[in-house]
Amino acid sequence: MTTSTHERDAINAGSCIAATSIISAAGAAIFLILPILLGGAAEHLQLQEEQVGLIASSYFVGFLLVCLSAVFWIRRFDWQYVSTTGFALLSGGLAGGAFVNQYEALLALMAISGVGAGILFGLAVCVLSDTNDPDRYFGIKLLAEQIVGAALLFLLPMYVTAQWGFPGLMLTVAAVLALLGTATVWLPKRGKRNVDASENTKAEASAIWPVWVALFALMIYFAGLSGLWAFVERIATQQGIDAVTIGKALSFGLLGGGLGAFAAALLGDRLGRLFPLVLSTGLLVAVIFIYSSAFDALLFAVSTFVLSGVWNYGLAYQMGIVVSLDQRGNLSVLISSFLSLGAIVGPALAGMLIGDQGYGSLFLFTAGAILIGLIMFTLLLTKAGVALNTKKLSKA
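Residues numbered from 1 in each chain as written. Predicted model: local features only at pLDDT ≥ 70, side-chain atom pairs only at ≥ 80, totals over all residues. Heavy atoms only, no water.

Asker: Just to check I follow, could you spell out the overall build of the protein chain for this structure?
Answerer: Looking only at helices and strands, the protein chain has 16 helices and 0 strands in total. Counted over contacts in the protein chain with a minimum sequence separation of 6, partners at least 24 positions apart contribute 88%. Summing over all exposed atoms, the protein chain offers an accessible surface of approximately 15,000 Å²; the carbon and sulfur share of this is 68%. (Helix = DSSP H or I, 4+ residues; strand = E, 2+ residues; numbered from the N terminus. Contact = heavy atoms within 4.5 Å. Areas by Shrake-Rupley, 256 points an atom, 1.4 Å probe, with all protein chains shown as cover.)

Structure below.
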C-alpha cells in the first residue's frame, strides 16, 4: 500500500511518538512493578514461591495470546479503538484484583489484565516500527516505561501499600493506568502499511529465518532476566531489607533503566550493535554475582540501578536487530509476543527452581539464559555482516 504524505507525517509526529511511548509505558507497567506486586500478593494471600511465579505467568499468558494474534488484526482496526480497549481490560482487571481473596480468582484477573497490556504493548511496537527511525524511538519508548515504573515503585510502597495493602496497590495502579489512557487521542487511526502475507515471494521467505532466530534470542534473554526480576524483592527481603527501602531501591533502579534507554536513544548506532550487547551482558553477569552474595541496602540499590540500566540499554539494540531483519515489517509486531513468552517462562521456571533448589539455581538460570541469547545475537550479527551491525534502519 502506498504511503501518503499525511500518513508519514502523522506516524512521525512528536505527539504520536509521545502518545505511543506513554501507551507502551502502560503496557509495560505491571512487569516493571512486578517485584512489589508479587510481594504484596504473597503477603496478602500467604502464597508459596511457586504460586507467586504463576501469578506473573498468568498475566503474561494473557499478554502472549493477544500479541500472537496481533499480526493478523492490529493493522485492520482503528488504532485509537484498539488502545481504548486495551486500557479498559488492563485497568479493569487490576481493579477487580483488589477485591478478591482467592488465589484462582487473582490468576484469572491477572490474565485479563495481561490481555489489555498485550494490546497496548503490541500496538506501541507496531506504531514505532512504522516510523522513520525505530531504533531511536525504541529508546524513547523504553525511557517512558522506566519513568512511569520508577514513579510507581517509589510511591506505592511508602504511600499506598503501607496504609492500604495489596488491594490499595491494585486500585492505585489501575487508576494511574486509566489516566495514561488519555494519550490515546494523539494516536493516528492507521499505520503506514497494510501487510498482506500472501504477497511474500520465495526470496523474501528465505530471508525470514534470521528474524525468527532474533526473536528466539530475544525470548531466551528476556526469560532469564524476567525470572530474576520477578524475585528481586524476595531476594532483598531474605537479606533483611525492609519493604519501604526495597521499594525505594527498585525505584532508583528504574531510573537506571531510564538512563540506559536514554543512552540508546542518544547514541543510536554510533557504537554498532554488538558492543552494546556484549557490554550490557557482562555487567548483568556482575549484578547476578552480587545478588548471589551478601549485600546491604546501598549495594542492592546500586546493583539494581545497573541491572535496569544495562538491561534497557541492550534491549533497544536487540529490538533494533529484529526490526532491521524484518524486511516487510510484518513480523516486528511479534517482538511483544516473544518478550511475553520469555516473561511467562522466566518467572514460572524461576519459582520452580527456587522451590526445589534455592536461589542459587535462579542465578545460574539467569546467567545461562543471557549468555545463550548473546551468543545467538552475535552469530546473527556475524552472519548478516557489517550492515546489520552498524547501519541505521530507515522505514521511511
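Asker: How should the pattern of salt bridges be read in this particular structure?
Answerer: It is possible for side chains of opposite charge to pair when their charged atoms get near one another. The tally for this structure, following the rule as stated, stands at 5 salt bridges. Salt bridges sharing partners connect three or more residues here, namely Glu-43, Glu-233 and Arg-234. (Salt bridge = Lys/Arg side-chain N within 4 Å of Asp/Glu carboxyl O.)

Asker: Quick question: what am I supposed to make of the nonpolar core here?
Answerer: Soluble globular proteins tend to bury their nonpolar side chains together. In this structure, Ile-30 and Phe-300 are the most contacted members of the largest nonpolar core, which totals 135 residues. Sorting elements by how many residues they give to this core places helix H7 (residues 134-180) first, with 17 residues. With residues near it in sequence (within four places) discarded, Phe-300 still touches Val-232, Ala-236, Ile-241, Ile-246, Ala-249, Leu-250, Tyr-291 and Phe-295. (Core = buried A, V, L, I, M, F, W, Y, C linked by side-chain atoms within 4.5 Å. Buried < 20%, exposed > 50% of the residue type's maximum accessible area, 1.4 Å probe, protein only.)

Asker: Got a minute to help me understand empty space enclosed by the protein in this structure?
Answerer: Summary: where empty space remains is shown by rolling a probe the size of a single water molecule over the atoms. Across all of its chains, the model carries 4 cavities of 30 Å³ or more by this definition. Of the volumes computed, that of the largest cavity is approximately 250 Å³. Along its surface, the largest cavity is lined by 21 residues, and Ala-28, Phe-31, Phe-121, Glu-145 and Phe-222 are the ones closest to its centre. Breaking the lining of the largest cavity down by element, the ones donating at least two residues are helix H2 (14-32), helix H4 (49-73), H7, helix H9 (209-230), helix H13 (297-325) and helix H14 (335-357). Here the residues of the lining of the largest cavity sort into 14 nonpolar, 5 polar and 2 charged. (1 Å grid on protein atoms, 1.4 Å probe; cavity = no way out; pocket = protein on both sides within 12 Å on 5 of 7 lines; lining within 4 Å. Points joined across faces, edges and corners; volume = space filled by probe spheres on them. Nonpolar A, V, L, I, M, F, W, Y, C, P; charged D, E, K, R; others polar.)

Asker: Explain the side chain of Ser-57 here, please?
Answerer: Structurally, the position occupied by Ser-57 is in helix H4. At 3.0 Å, the side chain of Ser-57 and the backbone oxygen of Ile-344 are in polar contact. Not counting residues within four places of it along the chain, the set of residues in contact with Ser-57 comprises Ile-344, Pro-347 and Ala-348. (Polar contact = N/O pair within 3.5 Å; in protein donor to acceptor, adjacent residues only side chain to side chain.)

Asker: Would you take a moment to explain the packing of H9 against H13 for this structure?
Answerer: Axes are the key here: two packed helices are described by the angle between their axes and the distance separating the axes. Between H9 and H13, the least distance of the axes is 9 Å, while the angle of their chain directions is 165°. Taken together, the axes of H9 and H13 lie roughly antiparallel to each other. Here H9 runs over H13; the crossing is left-handed. Contacts between H9 and H13 pair Pro-210, Val-211, Ala-214, Leu-215, Leu-218, Tyr-221, Phe-222, Leu-225, Ser-226, Leu-228 and Trp-229 from the former with Thr-304, Leu-307, Trp-311, Leu-315, Gln-318, Ile-321, Val-322 and Leu-325 from the latter. The residue makeup of the contact of H9 with H13, split by class, is 16 nonpolar, 3 polar and no charged. (Axes fitted to C-alpha atoms, helices over the stretch in contact; angles between N-to-C directions. Parallel < 35°, antiparallel > 145°, perpendicular 65-115°, else oblique. Left-handed = near helix turned anticlockwise from the far one by under 90°.)

Asker: I would appreciate a short explanation of the confidence of the model for the protein chain in the present structure.
Answerer: Caution is warranted with low-pLDDT regions, since their predicted coordinates should not be read in detail. Residues at a pLDDT of 70 or more form 89% of the protein chain, whose mean pLDDT is 85. Taken element by element, the predicted model of the protein chain shows its lowest mean pLDDT in helix H16 (residues 386-390) (47) and its highest in helix H5 (residues 79-97) (96). Taken as a whole, residues 390-396 scores under 50 in pLDDT and shows 27 contacts with residues more than four places along the chain or in a different chain. (pLDDT = per-residue confidence, 0-100.)

Asker: Can you walk me through the side chain of Thr-20 in this structure?
Answerer: Take Thr-20: it is sitting in helix H2. Given the relative accessible area of 1%, Thr-20 is considered buried. Apart from the residues lying within four places of it in its own chain, the contact partners of Thr-20 are Ala-124, Val-127, Leu-128 and Leu-187.

Asker: Whenever I open this one, the environment of Gly-253 confuses me. Can you help?
Answerer: Note on placement: Gly-253 falls in helix H11 (residues 243-267). Using a relative accessible area of 0% as the deciding quantity, one classes Gly-253 as buried. With 107 residues separating them along the chain, Gly-253 and Gln-146 place their C-alpha atoms 9.1 Å apart. With residues up to four places along the chain from it excluded, the contact list for Gly-253 reads Thr-304, Phe-305 and Ser-308.

Asker: What is the right way to read the packing of aromatic side chains from this model?
Answerer: Counted according to the given criterion, the structure contains 16 aromatic pairs. Aromatic side chains Tyr-59 and Phe-60 sit 4.8 Å apart centroid to centroid with 85° between the ring planes, which places their arrangement in the edge-to-face category. A connected cluster of aromatic rings, assembled from ring pairs, spans Phe-31, Tyr-59, Phe-60, Phe-63, Phe-121, Phe-222, Trp-229 and Trp-311. (Phe/Tyr/Trp six-rings, centres within 6.5 Å; stacked < 30°, edge-to-face > 60°.)

Asker: Even after reading the chapter, I still don't get the packing of H5 against helix H6 (residues 103-129), so can you show me in this structure?
Answerer: With their axes 8 Å apart at the nearest point, H5 and H6 run at an angle of 155° to one another. Viewed along their axes, H5 and H6 adopt a mutual orientation that is roughly antiparallel. Considering only the axes of H5 and H6, their crossing is left-handed. In terms of residue class, the contact of H5 with H6 is built from 17 nonpolar, 8 polar and no charged.

Asker: How should the environment of Ile-241 be read in this particular structure?
Answerer: Positionally, Ile-241 belongs in the loop between helix H10 (232-238) and H11. A relative accessible area of 10% means that Ile-241 is categorised as buried. Each C-alpha atom, one on Ile-241 and one on Phe-295, is 9.6 Å from the other, the two residues being 54 residues apart in sequence. Those residues in contact with Ile-241 that lie beyond four places of it in its chain are Ala-236, Ile-246, Phe-295, Asp-296, Ala-297 and Phe-300.

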